[in-house]
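Observations on the model geometry
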Amino acid sequence: MIIAEIAQAHDGSLGTAHAYIDALADTGVDAIKFQTHIADAESSIHEPFRVKFSRQDNTRMDYWRRMEFSLPQWMELSEHAIDRGLELISSPFSNLAVDWLEKVGVKRYKIGSGEVSNLLMLEKICETGKPIILSSGMSSWEELDRTVSFIQGFGNPLSILQCTTAYPTVPGQWGLNVISELKNRYNLPIGFSDHSGDIFASLAAATLGAEIFEFHVVFDKRQFGPDTPASITIDQTKTLVYGIEQIQDALMKPIVKEDISAFENLKQIFEKSLAVNCDLKAGEILTKAHLESKKPKGFGINAGDFQKVIGKRLKVDLKKWDFINWSDLES
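Keep in mind that what you see is a predicted model, and the values were worked out from it rather than measured.

Some details on the side chain of Thr-27
- Position of Thr-27 among the secondary structure elements: in the loop between α1 (14-24) and β2 (31-36).
- On the basis of relative accessible area, Thr-27 is assigned to the buried category, the value being 5%.
- Separated by 2.7 Å, the side chain of Thr-27 and the backbone oxygen of Leu-24 make a polar contact.
- Setting aside chain neighbours within four positions, we find Thr-27 in contact with Ile-234, Thr-237, Lys-238 and Val-241.

Printed below as a string of structure tokens:
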């Protein structure tokens, strides 16, 4: 599953949110993801994170209020996404947001890294019976074990994303090694949530068997927004989706290196036969200095057998560039 994360890139504009749906519908992604923020239900004026990044928001609460959509607006966004062949996913950050998303009719829930320990909200989500995608960004193994066990107790289909909570992440923070560690530890579908701001991390994750991909998307890397440095563009999204599909196709079709039957004709064309690089008379003894290799294979002794002819005496005259055959040599 390939998920394009809009998060707050709409900057509180419903029209911009709809524009993202139309733009991403042509990229090949499976789902478009938002975040459902209801300021009074999820936060307080004491929240210190990213307070100063915006010139128009004096507090984080002001920012969250500006990011809010109403329940009818969420329903409109979902209907638009469905009309364009996309699934709408939204991460809730409060119990009230879960209530809203249930009314919207989401098919699954994505849990942000900061909500892994929020068992109150997680229980509400688990009670829906719907699939859950869990980001692991800020969790230790102990914390993740606890939450995975908690969710599995309800029986919801569960998948986990390797994620590093940094915006943007540099290569040393991607944590690609954690993909296999998650697979081995939980035996669940494992994916990758990317905050690198480019396509390379997700492509690398695809080669390591990631099954779900989530990445932030913006129209332009110069636009305002706290997540813009960690996002890719619409055009990059097209390239990334194509790359993931190519890699996954390759992984499903492993090459059997011992089977070279498909190359027999090509081997005849590209492999080489032994020849001489100068005129030689019968009776002369061949040295490595006399030898050249020429296409195609089969017109002389195989070039790979050159050591077997060194020291052999010629029975016939050979002109420069003639092929050498066993019948030309004394036994």
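A few points about the nonpolar core
- Formed by 66 residues in total, the largest nonpolar core has its most connected members in Ile-32 and Phe-215.
- With residues up to four places along the chain from it excluded, the contact list for Phe-215 reads Ile-2, Ile-3, Ala-4, Glu-5, Val-29, Asp-194, Ser-202, Ile-232, Thr-237 and Leu-240.
- Counting residues in hydrophobic clusters, the runner-up holds eleven residues, among them Val-276, Val-309, Leu-314 and Ile-324.

Observations regarding the environment of Pro-189
- Here Pro-189 is to be found in the loop between α8 (177-186) and β7 (190-194).
- Residue contacts for Pro-189: discarding those within four places in its chain leaves Leu-158, Ser-159, Ile-160 and Glu-211.

Describing the packing of aromatic side chains
- Tallied over the entire structure, the rule returns seven aromatic pairs.
- Here Phe-34 and Trp-74 contribute two aromatic rings whose centre-to-centre distance is 5.9 Å and whose plane-to-plane angle is 70°, an arrangement assigned as edge-to-face. Taken as a pair, Phe-34 in strand β2 and Trp-74 in helix α4 (residues 71-83) lie far apart in primary sequence, 40 residues in all. An identical accessibility class is assigned to Phe-34 and Trp-74; each is buried.
- Ring pairs connect the aromatic residues Phe-34, Phe-69 and Trp-74, which therefore count as one cluster.

Topic: the UniProt feature "domain: AFP-like" (unreviewed entry) in the protein
- Mapped onto this numbering, the UniProt entry annotates "domain: AFP-like" (unreviewed entry) at residues 273-331.
- As annotated, residues 273-331 has a helix share of 7% and a strand share of 14%, and its two end C-alpha atoms lie 19 Å apart.

Considerations on the state of the cysteines
- According to the stated counting rule, one finds zero disulfides in the structure shown.
- Looking at the unpaired Cys-163, the closest cysteine sulfur is the one in Cys-126, lying at 19 Å.

A short note on a negative patch on the surface
- A contiguous patch of negative charge, built from Asp-279, Glu-284, Asp-317 and Asp-322, is present on the exposed surface.
- Secondary-structure assignment places Asp-279 in the loop between β10 (273-276) and β11 (291-294).

A look at the pattern of salt bridges
- All chains considered together, the criterion is met by 17 salt bridges.
- As a salt-bridge pair, Arg-313 and Glu-330 come within 3.8 Å of each other at their nearest N and O atoms. Of this pair, Arg-313 sits in the segment after α12 (306-309) while Glu-330 sits in the segment after α12, and the two are 17 residues apart along the sequence.
- Taken together, the shared-partner salt bridges in this structure form one network comprising Asp-22, Asp-26 and Arg-84.

Focus on the packing of helix α9 (residues 200-207) against helix α10 (residues 234-251)
- Orientation of α9 relative to α10, taken along the N-to-C sense of each, is 15°, at an axis distance of 9 Å. Between α9 and α10, the angle falls in the class roughly parallel. α9 and α10 meet at a crossing whose hand is right-handed. Along the contact surface, α9 presents Ser-202, Leu-203, Ala-206 and Thr-207, while α10 presents Leu-240, Gly-243, Ile-244, Ile-247 and Leu-251.
- Classifying every residue of the contact of α9 with α10 gives six nonpolar, three polar and no charged.

Re the pairing of β10
- Burial along β10 is two-sided: Ser-273 and Ala-275 facing one way and Leu-274 and Val-276 facing the other are all buried.
- Bridge count for β10 against β11 is four bridges, and the pairing is antiparallel. Each residue of the ladder has a partner; that of Leu-274, found in β11, is Ser-293.

Reading the values: rules and limits
Residues numbered from 1 in each chain as written. Predicted model: local features only at pLDDT ≥ 70, side-chain atom pairs only at ≥ 80, totals over all residues. Heavy atoms only, no water. Helix = DSSP H or I, 4+ residues; strand = E, 2+ residues; numbered from the N terminus. Buried < 20%, exposed > 50% of the residue type's maximum accessible area, 1.4 Å probe, protein only. Polar contact = N/O pair within 3.5 Å; in protein donor to acceptor, adjacent residues only side chain to side chain. Contact = heavy atoms within 4.5 Å. Core = buried A, V, L, I, M, F, W, Y, C linked by side-chain atoms within 4.5 Å. Phe/Tyr/Trp six-rings, centres within 6.5 Å; stacked < 30°, edge-to-face > 60°. UniProt positions renumbered as here; feature names shortened; annotations may be inferred. Disulfide = S-S within 2.5 Å. Patch = residues over 30% accessible without salt bridge, like charges linked within 9 Å, V, L, I, M, F, W, Y side chains within 5 Å. Areas by Shrake-Rupley, 256 points an atom, 1.4 Å probe, with all protein chains shown as cover. Salt bridge = Lys/Arg side-chain N within 4 Å of Asp/Glu carboxyl O. Lys, Arg positive; Asp, Glu negative; His and termini not counted. Charge placed at Lys NZ, Arg CZ, Asp CG, Glu CD. Axes fitted to C-alpha atoms, helices over the stretch in contact; angles between N-to-C directions. Parallel < 35°, antiparallel > 145°, perpendicular 65-115°, else oblique. Left-handed = near helix turned anticlockwise from the far one by under 90°. Nonpolar A, V, L, I, M, F, W, Y, C, P; charged D, E, K, R; others polar. Pairing = 2+ DSSP bridges.

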